[in-house]
Amino acid sequence: MKHNKSNRKVIPYTLVLGGGGARGLAHIGVLKSLEKNGLIPSLIIGTSMGAVVGAMYSQLLSAKAVEIKTRNFIESEFFKRIGLDQFSNIDDENSGSVWERFAAHLRQRYMLSKSVLGTGTFAQEQLLQSMQKLVDDADIRDLPIRFAAVTSDLADGEEHVLTSGSVVTAVTASSAVPGIIAPLPVDSHIFIDGTVTSTIPVPAALALSKDPIVAVDVRHKLDDFNSYRHGFEIVMRAGEITTRKLNDLHLKKADIILKPDVQNIEWNEFKYIDRCIQAGEEAVDENKHRLIRKLTKRPFRFFRW
């Protein structure tokens, strides 16, 4: 991989990129606008799709290059064979009760696994191949921009922040969505998607750096819930509320929160890449003066790329 050999300013702050499937494409737009305004972060921490985009930028050092590589992947035959674009919107307002949407959700997860392997789960190998097409493998410690991926461990129930070792393994572990993608065993760990413990990994940012934190929130909206017919609907809703409230608490510790307007886009709607990227750019542009005031008070650093 060729690097830009010219000196370039890196602002001492941490960029936290949250998970959200296709909504995470907004992170590309965020990085494009930050780069345009000379606000290149010294540390990027990502969960799930945020980890993928963050790792790509930490390697490629260009948001445009990340966009091109991502577009090529989404348009590839490999991605089309996965068949994500064939699934309907299970959260459509006319799709029935939460229980009915849950049943549809399970059916679609089964269809996804069948479309790829003809087995009950989407194997780690398939996800690994996807990551290898997007990220060049290297030790995380050798990336030009400091990077960390957040994952969750089924074995000990803890969140793990991966700051060394294979970057491909790290982003794969961070993106292993429960029920869709089989867990990734690494040594004594059984890693699954980082959103299980932290959709927006602000706690990891606090642990790794004392610099200001800019967090990007690409969560789905909390759907309307005016009535219920099954007890399981209550259980599901309670889980959604708990997760949202936990992440709201995490976000309060960020210095600046960016919320691209992607809350109505589903996790599998990668066809909306243009809309997501634009939303990411707009989120930065709307907060441009706040970002500059907050982040440029501290001395910048020169990184040689």
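Right, let's walk through the structure included here. Keep in mind it's a predicted model, so treat the numbers as computed, not measured.

## Notes on the pattern of salt bridges
Scanning the entire structure with this criterion turns up twelve salt bridges. Here R141 makes a salt bridge to D139, at a shortest N to O gap of 2.8 Å. The exposure class assigned to R141 is exposed, which follows from its relative accessible area of 60%. We classify D139 as partly exposed; its relative accessible area is 21%. With a closest N to O distance of 2.9 Å, R219 and D217 form a salt bridge. Using a relative accessible area of 3% as the deciding quantity, one classes D217 as buried. In this structure, a network of salt bridges that share partners links the residues K32, K64, E67, R71 and D274.

## Looking at unusual backbone geometry
A positive phi is found at L61, a non-glycine position, where the angle reads about 60 degrees. One non-glycine residue, D187, adopts positive backbone phi at about 55 degrees. Within the fold, D187 resides in the loop between β5 (184–186) and β6 (189–193).

## Considerations on helix α9 (residues 231–251)
With 21 residues, α9 should cover 30 Å at 1.5 Å per step; its first-to-last C-alpha distance of 31 Å lies within 8% of that length. Every buried residue of α9 is listed here: E233, R237, N247, H250 and L251. One side of α9 carries all its buried residues, which in axial view fall inside an arc of 145 degrees. Of the exposed residues in α9, the ones pointing more than 90 degrees away from its buried face are V235, T242 and K245.

## Let's talk about the packing of helix α1 (residues 26–36) against helix α10 (residues 273–286)
Two elements in contact, α1 and α10, have axes whose closest approach is 6 Å; the angle formed by their N-to-C orientations is 40 degrees. One element, α1, and the other, α10, form an angle in the oblique class. The interaxial crossing formed by α1 with α10 has right-handed handedness. Counted together, A26, I28, G29, V30, K32, S33, L34 and K36 of α1 and C276, I277, G280, E281, V284 and D285 of α10 form the full contact between these two elements.

## Points about the packing of α1 against helix α3 (residues 63–74)
The geometry of α1 relative to α3 is characterised by a closest axis approach of 8 Å and an angle of 155 degrees between their N-to-C directions. For the element pair α1 / α3, the angle class is roughly antiparallel. For the pair α1 and α3, the crossing hand works out as left-handed. Mapping the contact onto sequence places I28, L31, K32 and E35 in α1 and A63, V66, E67 and T70 in α3. In terms of residue class, the contact of α1 with α3 is built from four nonpolar, one polar and three charged.

## Focus on α10
Counted at 1.5 Å a residue, the expected span for α10 with its 14 residues is 20 Å, and the 20 Å between its end C-alpha atoms agrees. By the burial criterion, the buried members of α10 are I273, C276, I277, A279, G280, A283 and V284. All buried residues of α10 project into a common sector of 160 degrees when viewed along the axis, lining one side. In the core, the buried residues of α10 are packed alongside α1, α3, β8 (256–258) and α11 (288–295).

## Some details on the packing of aromatic side chains
Going through the model one piece at a time under the given rule, you end up with three aromatic pairs. Between the aromatic rings of F79 and F270, the centroid separation amounts to 5.5 Å while the plane-to-plane angle is 75 degrees, which identifies the pairing as edge-to-face. Placement of F79 in helix α4 (residues 77–82) and of F270 in the loop between β8 and α10 is noted, with a sequence separation of 191 residues between them. Here the guanidinium or amino end of R275 rests over the ring plane of Y272, the centre of that ring lying 5.4 Å away.

Rules used in this analysis
- Residues numbered from 1 in each chain as written.
- Predicted model: local features only at pLDDT ≥ 70, side-chain atom pairs only at ≥ 80, totals over all residues.
- Heavy atoms only, no water.
- Salt bridge = Lys/Arg side-chain N within 4 Å of Asp/Glu carboxyl O.
- Buried < 20%, exposed > 50% of the residue type's maximum accessible area, 1.4 Å probe, protein only.
- Helix = DSSP H or I, 4+ residues; strand = E, 2+ residues; numbered from the N terminus.
- Expected span 1.5 Å × (residues − 1).
- Arc of directions from axis to C-beta.
- Axes fitted to C-alpha atoms, helices over the stretch in contact; angles between N-to-C directions.
- Parallel < 35°, antiparallel > 145°, perpendicular 65-115°, else oblique.
- Left-handed = near helix turned anticlockwise from the far one by under 90°.
- Contact = heavy atoms within 4.5 Å.
- Nonpolar A, V, L, I, M, F, W, Y, C, P; charged D, E, K, R; others polar.
- Phe/Tyr/Trp six-rings, centres within 6.5 Å; stacked < 30°, edge-to-face > 60°.
- Lys NZ or Arg CZ within 6 Å of the ring centre and 35° of its normal.

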